[in-house]
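# A structural walkthrough
Single-letter residue listing:
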Amino acid sequence: MAVRGQDITSVIKRQIEEFGKEVSMVDVGTVIESGDGVARVQGLSGVRYTELVEFPNEIMGIALNLEEDSVGVVILGDETQVKEGDEVRSTGRVAEVPVGEAMLGRVVDALGRPIDGKGPINTASNRAIERVAADVAHRKSVSVPMQTGIKSVDGMTPIGRGQRQLIIGDRSTGKSAIAIDTIINQKGGDLVCIYVAVGQKASKVVQTVGLLESYGAMEHTIVVAANSSDSAALQYMAPFAGTAMGEEFMEQGKDALIIYDDLSKHAWAYRQMSLLLRRPPGREAYPGDVFYLHSRLLERSARLDDASGGGSLTALPIIETQAGDVSGYIPTNVISITDGQIYLEADLFNSGIRPAVNVGLSVSRVGGAAQARAVRQVAGRLRLDLAQYRELVTFAQFGTSDLDAATRAQLDRGRVVTEVLKQLQYEPMNIGKQVSIMYAVTNGYLDDVPEESIREFEMQFHRYMESSHSAVIEAIVEKKELDDQITESLTSAITEFKKTFSY
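Worth saying up front: this structure is predicted, and the values here are computed from it rather than measured.

Cut-offs used in this document
- Residues numbered from 1 in each chain as written.
- Predicted model: local features only at pLDDT ≥ 70, side-chain atom pairs only at ≥ 80, totals over all residues.
- Heavy atoms only, no water.
- Helix = DSSP H or I, 4+ residues; strand = E, 2+ residues; numbered from the N terminus.
- Buried < 20%, exposed > 50% of the residue type's maximum accessible area, 1.4 Å probe, protein only.
- Areas by Shrake-Rupley, 256 points an atom, 1.4 Å probe, with all protein chains shown as cover.
- Lys, Arg positive; Asp, Glu negative; His and termini not counted.
- Charge placed at Lys NZ, Arg CZ, Asp CG, Glu CD.
- Pairing = 2+ DSSP bridges.
- Contact = heavy atoms within 4.5 Å.
- Axes fitted to C-alpha atoms, helices over the stretch in contact; angles between N-to-C directions.
- Phe/Tyr/Trp six-rings, centres within 6.5 Å; stacked < 30°, edge-to-face > 60°.
- Salt bridge = Lys/Arg side-chain N within 4 Å of Asp/Glu carboxyl O.
- Polar contact = N/O pair within 3.5 Å; in protein donor to acceptor, adjacent residues only side chain to side chain.
- Arc of directions from axis to C-beta.

In terms of helices and strands, the protein carries 16 helices and 16 strands. The buried share among the 503 residues of the protein stands at 51%. Here the protein has roughly 23,100 Å² of accessible surface; of this, 50% comes from carbon and sulfur atoms. If the 51 positive side-chain charges of the protein are averaged to one point and the 68 negative ones to another, these points end up 1 Å apart.

Shown next, in the form of structure tokens:
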């Protein structure tokens, strides 16, 4: 067969054009088993831990088990489309999410993809979801208060910027309410908030986003949602994705707050994934590294020193207990990692004391170092007095006739303090209002007010202070300290108001 000259010419031209082209190598493997959202892949010898891999039909997965002869991959998309014999390609990228200012006001999934119907997010920055926490040399002690706007928290278990404060309690005791109130309280401030919803119903997440929008809090908030209908892999990744978004602000020298709601469901998702990956189960069928799961997550919250930008990431993890058992496996793990806990008790909640904070079991290990001086001045003994009162109530229920005058006075003061510390949901208070009412109660100005009139007294008192003595409130907010002049003005204002209040 004769070879035409033009054929030879075209072959030579093509070889010349392709000469010097870089040869691209792609690490590929083959699915040998698939089911329950997990695929075992043979090959992928160069894949890294948490690296993203690509299945056919643009379905992504994340490599979590690096074994000698296979790789365990958790599928992030529609698992029904992944079947035995499919080719798998490594992407060379570890799991990452978009970060930056453009994320504010948006609701995203665990991979940073928008799910709020507001269109794409225009941000060029991405950050790996897993990273090593800042070491001790780049941190400094927590000393700047992070105001929640909740009297019982700011007064008795203060939280500082860079602290990890656990919110723990049974189901339906107001754990999420404290977190949402804290976000609402940051409106107009300099704190960026990230709310991570893990394993919740989609309707509850929509309700939460609606609340934040109605109170104008979504402007400074990012919501990361991995709903109960999402895969265990996305529920596992969500807290790490939210932390990566918070670290971006922290390393820019800003202050951020992240809420994990909740880490109990996060541990359940990790347990499910680990069992499907055939990792050896330990106590309560959790894998042996479940402590490391939460410690490496929460250790990333810190306050950086000035050389590192001086930013901070404050964490409020939430843990749900079963029948008030704080000695469970996951609760004790997280308690040992965090810098204190706010324990919400079902009995207090059901008796109408809300927030239902148990002052005996709640503690802030940072303590007064992260409390505004004005709050410390008026609420120094509040926690101790309230704890003693709750103990005395147990004995007083058998009869008050045998009690001495000092004990009876302590009981009366405890009842007044308990009423004052009650607070309606979605109504956080600034430091000026908190200090003014706490000053009134600790100095005995409410001792002669009937218990049933205290709520009305407080509402009218705040309205009176805003209308007639707003300068005093502003001075407390600005100075964050009660000097002689503010104390004198506050005393005269309370005395004047009491003359007008009828009960």
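Okay, the sheet that holds strand β8 (residues 107-108) next. Across the sheet, which stays open at both edges, the eight strands sit in the order β8-β12-β11-β13-β14-β10-β15-β16 with mixed pairing between neighbours. Unpaired on one side and paired on the other, β8 and β16 (363-364) mark the two borders of the sheet. Bridge count between strand β11 (residues 191-198) and strand β13 (residues 255-261): seven bridges; the pairing is parallel. Its bridge partner lying in β13, Val 196 is registered against Tyr 260. Most of the contacts of helix α5 (residues 232-250) go to β11, to which it runs at about 175°, and overall it touches β8, β11, β12 (221-226), β13 and β14 (312-320).

The tally for this structure, following the rule as stated, stands at 10 aromatic pairs. Plain terms: the ring middles of Phe 457 and Phe 461 are 6.2 Å apart, the flat faces sit at 15° to each other, and that makes the pair stacked. Here the residue Phe 457 and the residue Phe 461 both occupy positions in helix α14 (residues 454-468), the gap between them amounting to four residues, near one helical turn. A single burial state applies to Phe 457 and to Phe 461, both of which are buried. Between Phe 457 and Phe 497 the ring centres are 5.1 Å apart and the planes differ by 75°, which places this aromatic pair in the edge-to-face class. Here the residue Phe 457 occupies a position in helix α14, and Phe 497 occupies one in helix α16 (residues 484-500), the gap between them amounting to 40 residues.

Take Asn 227: it is sitting in the loop between β12 and α5. Overall, Asn 227 belongs to the buried group, its relative accessible area being 13%. Contact partners of Asn 227, with chain neighbours within four places excluded, come to Gly 199, Gln 200, Ala 202, Val 205 and Gln 235.

What follows is about the pairing of strand β4 (residues 59-66). Most of β4 is tucked away: six of the eight residues are buried. In this structure, strand β3 (residues 51-55) lies alongside β4, joined through four bridges in antiparallel fashion. The residue of β4 that forms the bridge with Glu 54 is Met 60. Counting the residues in the hairpin turn of β3 and β4 gives three residues, including Asn 57, whose phi is positive at 65°.

As a further point, take the sheet that holds strand β5 (residues 71-75). Spatial ordering of the closed barrel is given by β1-β2-β5-β4-β3-β6, a layout of six strands whose pairing is antiparallel. Neighbour to neighbour, the strand axes of the sheet diverge by 45° on average, direction disregarded. When β4 meets β5, the two strands line up antiparallel, connected through five bridges. Its bridge partner lying in β5, Ala 63 is registered against Val 73.

Before going further, it helps to examine the pattern of salt bridges. Under the counting rule described, the total for this entry stands at 32 salt bridges. Put simply, Lys 140 and Asp 306 hold a salt bridge, and the shortest N to O gap is 3.0 Å. Of this pair, Lys 140 sits in the loop between β9 (126-128) and α2 (151-156) while Asp 306 sits in the loop between α7 (290-298) and β14; the two residues are 166 residues apart in sequence, bridging distant segments of the chain. In this structure Lys 140 comes out as partly exposed when scored by relative accessible area, which is 31%. Relative accessible area serves as the criterion here: at 62%, Asp 306 is assigned to the exposed category. Between Lys 151 and Glu 458 there is a salt bridge, with its nearest N and O atoms 2.6 Å apart. Taken together, the residues span a long stretch of sequence, with Lys 151 in helix α2 and Glu 458 in helix α14 at a distance of 307 residues. The exposure class assigned to Lys 151 is buried, which follows from its relative accessible area of 1%. Through salt bridges with shared partners, a single ionic network connects Arg 127, Arg 131, Glu 247, Glu 248, Glu 251 and Arg 300.

Among the five residues in β5, five count as buried, and that is most of the element. One ladder, built from four bridges, connects strand β2 (residues 38-43) with β5; its direction is antiparallel. Bridge pairing in β5 places Ala 39 opposite Val 73. In this antiparallel pair of consecutive strands, β4 and β5, the connection spans four residues.

This next bit is on the side chain of Ser 295. For Ser 295, the location among the structural elements is in helix α7. Within the structure, the side chain of Ser 295 is placed 3.3 Å from the backbone oxygen of Tyr 292, a separation counted as a polar contact.

A few words now on helix α15 (residues 470-479). Of the positions making up α15, those classed as buried are Val 472, Ile 473, Ala 475 and Ile 476. Down the axis, α15 shows its buried residues gathered within 160° of arc, on one side only. Facing away from the buried side of α15 by over 90 degrees, the exposed positions are Ala 471, Glu 474 and Glu 478. On the buried face of α15, the contacting elements are α10 (373-379), α13 (431-442), α14 and α16. Just past α15, the residue Lys 480 takes up positive phi, approximately 55°.

Geometric values such as these leave the question of function open.
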